[in-house]
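Residue strings, one per chain:
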Amino acid sequence: MLEKMDLTKTMKPAEAKKKLEEAGAKLGWLQRECKKEGIPVMIVFEGMGAAGKGVQINRLIQPMDPRGFSVYTSNHPNREERLRPFLWRYWTRVPEKGRIAIFDRSWYRSVQADRFGEEKGDKKIEIDYHDIRSFEKQLYDDGTVLIKIFLYIDKKEQKKRFERLEASKETSWRVTKEDWKRNKNFEEYVRINEQMLESTDSDYAPWTLVEAADKNYAAVKIITTVCERLEYALARKRQLKQAGVEPGQAVPREVFKNDVLSGVDLSRDLTREEYKEQIDKLQKKLERLHGELYRRRIPLIIGFEGWDAGGKGGAIRRLTSHLDPRGYQVIPTAAPNDIEKKHHYLWRFYNQMPKAGHIAIFDRTWYGRVMVERVEGFCTQEEWTRAYGEINEMEKHLANSGAILLKFWLHIDKDEQGRRFQARQEDPAKQWKITDEDWRNREKWDLYESAVNEMLIRTSTTYAPWVVVEGNSKYYARVKVLKTVVEAIEQRLERN
């Protein structure tokens, strides 16, 4: 999902200066209040090379009392540290109550920079992830506030910054052969970082992704995030004192922190001739691949989500056009009935999972829990917050059993949705497609957009990735869906 971040976000220097001054005054006060309440804080900076971690740490600490924080740089472990468990050197730097520890890179080295170019077995990597999650949970349960910042720039910007650093004798030492190797293999390093983010994102220690191409925008976003988290921690601590609030309460997130949809290019299109040529080839190829899936007994699960009138039905029809109807099923998901309401919300979806070699296509999915049920108040905040982890665990179980999982979000803008709604309203043959509920949901566009952004970030995994489909052009969207499915099947067959 990192490549979908909108790196064009900028902030004018004058505006950034004003916001930083205001937030800086608040941060200084929050630091003093956290000290008074005995709240330890750990702030982690990770990200792509040359994304500006050092610069942003320096800007963050400017308004803070230097007597109340320490900054640590995590280089390669020395001989003494290599003789210890890899978390030992971080346990020894855990701050005392009321102090702040800031890490320029951290315990994530073992599953990020140190992993790149090395042969680490999946079992060893998963053990490291487990140890990290356990480490953070123990700190959180003891009252530590964990703030994790990931700074992202793209390959082109990174290369430009490396070249600028190398051009000066004073900074050339900061660019290493390993840095250039990671830039050359940028996509592979992005994949490693995405796996790291998905494996260690939690309610008690969430990642905040920062679009770092513009340093002013990044600085404001970082200090705003830190202030919000510290404010929340103080309120939580005081509530615990006064009313005994449950300690495991989830951290609220805002769309400002992790905005995926704003980076989607909805201008993509195909001519009718291009569409007809590509769709025909892809449908014939998928017809052949469907037989291979059956022969090799590989199940395929495809989930469709998207805005109302986003084109899910049309995409599904083109997807199934050439498939053997005995080997696939399309499952439309409506509101749960009385029996389904008496079960765990995932129960009805487990009942529809395909046999080995068959295909299940869900027209709307289990993600209703973190979208419509969240926005409309059909479940509690604790329930939909917990659902991200539950869904990831379910999909991991399906992947471990051998299934190919694909999830499509069909994205259109609000104006395009309005045009499609109006067209349905005026066409007697399509009036059944538009309801009063569709118009009501449209009024809550911003709330749904916030929920979708969080859903995409928190549940796009290496084993069940979200594919955001640029849907303003139906031709382009249908081709992209088919092409993605074909490529996923081909990669699995080749791997097998």
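Look above for the structure.
These notes cover the structure that comes with them. (Residues numbered from 1 in each chain as written. Predicted model: local features only at pLDDT ≥ 70, side-chain atom pairs only at ≥ 80, totals over all residues. Heavy atoms only, no water.)

Observations regarding the overall build of the protein
Here is the rule: A run of H or I in DSSP counts as a helix once it spans at least four residues, and a run of E counts as a strand once it spans at least two, with each numbered from the N terminus. Each residue's exposure class comes from its accessible area (1.4 Å probe, protein chains only) as a fraction of the maximum for that residue type: buried when under 20%, exposed when over 50%, partly exposed otherwise. We call two residues contacting when some pair of their heavy atoms lies within 4.5 Å. In this description, accessible areas are obtained by the Shrake-Rupley approach with a 1.4 Å probe, and a residue is regarded as covered only by the protein chains that are shown. Asp and Glu count as negative and Lys and Arg as positive, but His and the ends of the chain are not part of the count. Every charge is mapped onto a representative atom, which is NZ of Lys, CZ of Arg, CG of Asp or CD of Glu.
Within the protein, the regular secondary structure consists of 19 helices and ten strands. With the principal axes as the frame, the protein shows a C-alpha extent of 70 × 55 × 45 Å. Taken across its 496 residues, the protein has 54% of its residues classed as buried. Across the protein, the fraction of contacts at a sequence separation of at least 24, relative to all contacts at a separation of at least 6, is 80%. Surface exposure of the protein reaches about 24600 Å², of which carbon and sulfur atoms provide 49%. Across the protein, the mean location of the 91 positive side-chain charges is 2 Å away from that of the 80 negative side-chain charges.

Comments concerning helix H7 (residues 177-184)
Keep this limit in mind: Along the arc lie the directions from the helix axis toward the C-beta atoms.
All of the buried residues along H7 are Asp179, Arg182 and Asn183. Seen end-on, H7 carries its buried residues on one side only, within an arc spanning 100°. Opposite its buried face, H7 presents the exposed residues Lys177 and Lys184, each directed more than 90 degrees away. Elements in contact with the buried residues of H7: helix H6 (155-166) and helix H8 (186-200).

A closer look at unusual backbone geometry
Phi at alanine 50 is positive, roughly 70°, even though this residue is not glycine. Within the secondary structure, alanine 50 sits in the loop between strand E1 (41-47) and helix H2 (53-61). With a phi angle near 60°, arginine 297 is a residue other than glycine that sits in the positive phi range. Positionally, arginine 297 belongs in the loop between helix H10 (272-296) and strand E6 (300-306).

Thoughts on the pairing of strand E3 (residues 100-104)
Quick reminder of the rule: Note: two strands are recorded as paired if DSSP finds a minimum of 2 bridges between them.
Burial of E3 is extensive: five of the five residues sit out of reach of the surface. Covered by surrounding structure in E3 are Ile100, Ile102 and Asp104 together with Ala101 and Phe103, the residues of both alternating faces. As paired elements, E1 and E3 share five bridges and run parallel to each other. The residue of E3 that forms the bridge with phenylalanine 45 is aspartate 104. Pairing of strand E2 (residues 69-73) with E3, which is carried by five bridges, proceeds in the parallel orientation. Looking across to E3, one finds that threonine 73 is bridged to aspartate 104.

Section: the sheet that holds strand E5 (residues 207-211)
Basically, it comes down to this: A fitted line through C-alpha atoms represents every axis, and for helices the fit uses only the stretch in contact; the resulting angles, taken between N-to-C directions, go from 0 to 180 degrees.
Overall, parallel pairing links the five strands, which are arranged E2-E3-E1-E4-E5 in an open sheet. The strands lining the two open edges of the sheet, one partner per strand, are E2 and E5. Each adjacent strand pair in this sheet contributes to an overall mean axis angle of 20°, direction not counted.

Brief notes about the sheet that holds strand E8 (residues 359-363)
What the five strands build is an open sheet, ordered E7-E8-E6-E9-E10; its pairing is parallel. Unpaired on one side and paired on the other, strand E7 (328-332) and strand E10 (466-470) mark the two borders of the sheet. Strand-to-strand, the axes of this sheet are offset by a mean angle of 20°, without reference to chain direction. Where E6 and E8 come together, five bridges link them in parallel fashion. Paired with isoleucine 302 across the bridge in E8 is isoleucine 361. Sitting on the sheet, helix H11 (residues 312-320) is in contact with E6, E7, E8 and strand E9 (404-411), with an inclination near 155° to E6.

Focus on the pairing of E5
With five of five residues buried, E5 lies mostly within the body of the structure. The alternating pattern of E5 places Trp207, Leu209 and Glu211 and Thr208 and Val210 on opposite faces, both of which are buried. The pairing of strand E4 (residues 145-152) with E5 spans five bridges and is classified as parallel. Opposite isoleucine 149, over in E5, you have threonine 208 as the bridge partner.

Describing the pattern of salt bridges
To be explicit about the condition: Here a salt bridge means any side-chain nitrogen of Lys or Arg lying within 4 Å of a carboxyl oxygen belonging to Asp or Glu.
Under the definition given, this model contains 43 salt bridges. Put simply, arginine 182 and aspartate 179 hold a salt bridge, and the shortest N to O gap is 3.1 Å. Within this pair, arginine 182 and its partner aspartate 179 are both found in helix H7, separated by three residues, close to a single helical turn. Aspartate 179 shares its class with arginine 182; the two are buried. Among the charged side chains, a network of salt bridges with common partners joins Lys4, Asp265, Arg268, Glu470 and Lys480.

Focus: the packing of helix H5 (residues 122-141) against H8
For clarity, the cut-off: Comment on the angle field: the value is read as roughly parallel under 35 degrees, roughly antiparallel over 145, roughly perpendicular from 65 to 115, and oblique elsewhere. Each helix crossing is assigned a hand: it is left-handed if the near helix lies turned anticlockwise from the far helix by less than a right angle, otherwise right-handed if that turn is clockwise. Classification convention: Asp, Glu, Lys, Arg as charged; Ala, Val, Leu, Ile, Met, Phe, Trp, Tyr, Cys, Pro as nonpolar; all other residues, Gly among them, as polar.
Following both chains from N to C, one finds H5 and H8 inclined at 45°, their axes separated by 10 Å at the closest point. As judged from the angle between their axes, H5 and H8 are oblique. Crossing of H5 over H8 shows right-handed handedness. Contacts from Tyr129, Ile132, Arg133 and Glu136 of H5 reach H8 at Ile192, Gln195, Met196, Ser199 and Thr200. Counted by class, the contact of H5 with H8 contains four nonpolar, three polar and two charged residues.

So, the side chain of arginine 492
Topologically, arginine 492 is positioned in helix H19 (residues 474-495). The buried charged residue arginine 492 lacks any salt bridge, with glutamate 494 as its nearest oppositely charged partner at 11 Å. Once you skip the residues sitting within four places of it in the chain, arginine 492 turns out to touch Ile298, Gly402, Ala403 and Ile404.

Here we look at the nonpolar core
As a reminder, the rule being used: The definition of a nonpolar core used throughout is a set of buried Ala, Val, Leu, Ile, Met, Phe, Trp, Tyr and Cys residues joined through side-chain atoms within 4.5 Å.
Residues Trp107, Trp366, Trp409 and Leu456 are the most contacted members of the largest nonpolar core, which totals 113 residues. Per element, the largest residue contribution to this core is eleven residues, and it comes from helix H9 (residues 215-243). Setting aside residues up to four positions removed in sequence, tryptophan 409 forms contacts with Leu261, Glu305, Gly306, Trp307, Met371, Val452, Met455, Leu456, Trp466, Val467, Val468 and Val469. Among the nonpolar cores identified, the runner-up in size contains 33 residues, and Tyr275, Ala315, Ala477 and Leu493 belong to it.

Observations concerning the packing of aromatic side chains
Think of a pair of aromatic rings as described by two things: how far the centres are apart, and how the planes are tilted against each other in angle. Threshold: Only the six-membered ring of Trp is used, alongside the rings of Phe and Tyr, when aromatic pairs are assigned; centres must lie within 6.5 Å, and planes under 30 degrees apart are stacked while those over 60 apart are edge-to-face, with the rest tilted.
The final tally for this structure, using the stated rule, is 23 aromatic pairs. Where tyrosine 90 meets phenylalanine 103, the ring centres are 6.2 Å apart and the plane angle is 65°; that geometry is what we call edge-to-face. Placement of the pair is tyrosine 90 in helix H4 (residues 88-91) and phenylalanine 103 in strand E3, with a sequence separation of 13 residues. The class for tyrosine 90 is buried, based on a relative accessible area of 2%. Owing to a relative accessible area of 0%, phenylalanine 103 belongs among the buried residues under this scheme. Taking 5.5 Å as the distance between ring centres and 75° as the angle between the ring planes, the aromatic pair formed by phenylalanine 349 and tryptophan 366 counts as edge-to-face. One end of the pair, phenylalanine 349, is in helix H13 (residues 347-350); the other, tryptophan 366, is in the loop between E8 and helix H14 (372-376), and 17 residues separate them in sequence.

Note that every value here comes from positions in space, so none of it alone points to a role or purpose.
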